[in-house]
Amino acid sequence: MSEFEVRPITADATRPLRAALLRGEDEEWSETAGTAEALHLGGFRNGRLVGFASVAPQRAPGDPGPAAWRVRAIAVDHGHRGYGLGGLMLRRCIGHAADRGARIVWS
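A. Spotlight on the pairing of strand β2 (residues 39–45). Where burial is concerned, most of β2 is hidden: 7 out of the 7 residues are buried. Burial along β2 is two-sided: Leu39, Leu41, Gly43 and Arg45 and His40, Gly42 and Phe44, pointing in opposite directions, are all buried. Pairing of strand β1 (residues 4–8) with β2 involves 5 bridges; the strand directions are antiparallel. Bridge assignment links Phe4 to a residue of β2, and that residue is Arg45. As paired strands, β2 and strand β3 (residues 48–57) are joined by 7 bridges and run antiparallel to one another. By the bridge assignment for β3, Gly43 is matched with Gly51.

Written out as structure tokens, the structure is:
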């Protein structure tokens with residue numbers, strides 16, 4: 001797993017890989033992606049972005065409270081899956097949300 005580096009990146013930096021791996025962005029995500037509380041992580045292998053994960057505050061369906069965060073995107077490029085990068089990024093997203101008072105992290 002040491003061959004991967006995970007670090008914060010901008011929402012815009014996720015867009016090319018996001019477009020290649022996931023279906024189109026929705027307007028709701030675009031609104032929350034730019035919030036100051038949101039975290040966007042890049043997973044790099046040999047300096048190349050091969051995965052990303054994003055988490056931002058967003059109420060869960062049926063939850064009236066403000067302490068919910070949503071993992072809106074997490075993906076690893078083909079050929080780089082199965083090494084634990086996705087799980088590492090997910091744990092960092094959950095930790096980020098928890099450090100900011102999240103009681104629920106959902107997807």
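Continuing now.
B. Seen up close, unusual backbone geometry. Phi angles above zero are rare outside glycine, and Asn46 is one such case at about 55°. Tracing the chain through its elements places Asn46 in the loop between β2 and β3.

Quick notes on the rules
- Residues numbered from 1 in each chain as written.
- Predicted model: local features only at pLDDT ≥ 70, side-chain atom pairs only at ≥ 80, totals over all residues.
- Heavy atoms only, no water.
- Buried < 20%, exposed > 50% of the residue type's maximum accessible area, 1.4 Å probe, protein only.
- Helix = DSSP H or I, 4+ residues; strand = E, 2+ residues; numbered from the N terminus.
- Pairing = 2+ DSSP bridges.

Distances and angles like these do not, on their own, reveal function.
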